[in-house]
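# Results of the structural survey
As a plain string of letters, each chain reads:
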Amino acid sequence: MAGTSVYQINKGINTSIEFKGLKAQYIWYMGGAAIVLFAIYTLLYICGIRSYICVGIVVCLGIPMIMGIYHLSSAYGEHGVTKMLARRSIPRYVKSNSRRIFKTSTINGKVTG
């Protein structure tokens, strides 16, 4: 009786969400891509293009989008794209025109030297 439990144990605590190989924010990217593709199909269909041609265009646009999102998910992981974009904003070097900042020091909030 002690071996059976009424409650299911969630063994995925503190792990990122994963669905079909997509991790974290890439699930949202895939949803956004699906909405964009649906909008493209709708616009093409409203413009009077035949549905087979609309499907062909959407498939030709959708396959590279899906492959690109899966590539980003596998290459950069859960927070990789965010880290990559943040790394671009770090300066390569810091340029100082004055040595004053290095000559003065503070002790308990008071400037000395």
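Everything numeric here is computed off the predicted structure, so don't read it as measured data.

About the cut-offs
- Residues numbered from 1 in each chain as written.
- Predicted model: local features only at pLDDT ≥ 70, side-chain atom pairs only at ≥ 80, totals over all residues.
- Heavy atoms only, no water.
- UniProt positions renumbered as here; feature names shortened; annotations may be inferred.
- Helix = DSSP H or I, 4+ residues; strand = E, 2+ residues; numbered from the N terminus.
- Expected span 1.5 Å × (residues − 1).
- Buried < 20%, exposed > 50% of the residue type's maximum accessible area, 1.4 Å probe, protein only.
- Arc of directions from axis to C-beta.
- Contact = heavy atoms within 4.5 Å.
- Phe/Tyr/Trp six-rings, centres within 6.5 Å; stacked < 30°, edge-to-face > 60°.
- Disulfide = S-S within 2.5 Å.
- Core = buried A, V, L, I, M, F, W, Y, C linked by side-chain atoms within 4.5 Å.

Further remarks concern the UniProt feature "transmembrane region" (unreviewed entry) in the protein chain. Under the local residue numbering, the UniProt record ascribes the feature "transmembrane region" (unreviewed entry) to residues 26–46 and 53–72. Its end C-alpha atoms 30 Å apart, residues 26–46 is made of 100% helix and 0% strand. Within residues 53–72, the helical portion is 100% and the strand portion 0%, while the C-alpha atoms at the span's ends are 29 Å from each other.

Next up on the list: helix H1 (residues 25–46). With 22 residues, H1 ought to run about 32 Å at 1.5 Å a step, and its terminal C-alpha atoms sit 32 Å apart, in line with that. Of all the residues in H1, the buried ones are Gln25, Tyr26, Met30, Ala33, Leu37 and Leu44. Angularly, the buried residues of H1 cover 145° about the axis, an arc narrow enough to put them on a single face. Exposed and oriented more than 90 degrees from the buried face of H1 are Trp28, Ile35, Phe38, Leu43 and Ile46. At its buried positions, H1 is contacted by strand S2 (22–23), helix H2 (51–76) and helix H3 (80–88). At the C-terminal side of H1, glycine 48 shows a positive phi close to 100°.

Our focus in this paragraph is the packing of aromatic side chains. Here the distance between the centres and the angle between the planes together describe a pair of aromatic rings. One pass over the full model with this rule turns up 2 aromatic pairs. Both rings, one in tyrosine 26 and one in tyrosine 29, keep their centres 5.6 Å apart while their planes meet at 80°; by these two values the pair is edge-to-face. On the criterion of helical spacing, the pair formed by tyrosine 26 and tyrosine 29 is a turn pair, its members being 3 residues apart in helix H1. The class of tyrosine 29 is partly exposed, set by a relative accessible area of 38%. With a centroid separation of 6.1 Å and an interplanar angle of 15°, the aromatic rings of tyrosine 41 and tyrosine 45 are classed as stacked. Of the two residues, tyrosine 41 and tyrosine 45 both sit in helix H1, 4 residues apart, roughly one turn of that helix. By relative accessible area, which is 25% here, tyrosine 41 ends up partly exposed.

With that settled, the discussion passes to the side chain of glutamine 25. Among the secondary structure elements, glutamine 25 is positioned in helix H1. Looking at glutamine 25, the relative accessible area reads 15%, which means it is buried. For glutamine 25, the residues in contact, after removing those within four places along its chain, are Glu78, Val81 and Thr82.

Applying the stated criterion across every chain yields a total of 0 disulfides. Cysteine 47 forms no disulfide, and the closest cysteine sulfur to it belongs to cysteine 54, at a distance of 8.6 Å.

The next thing to look at is the nonpolar core. The biggest cluster of nonpolar side chains holds 6 residues, and these are Leu22, Tyr26, Met30, Ala33, Ile69 and Val81. Take this core: its biggest share by element is 3 residues, from H1. The residues contacting methionine 30, other than those within four sequence positions of it, are Leu22, Ile66, Ile69 and Tyr70.

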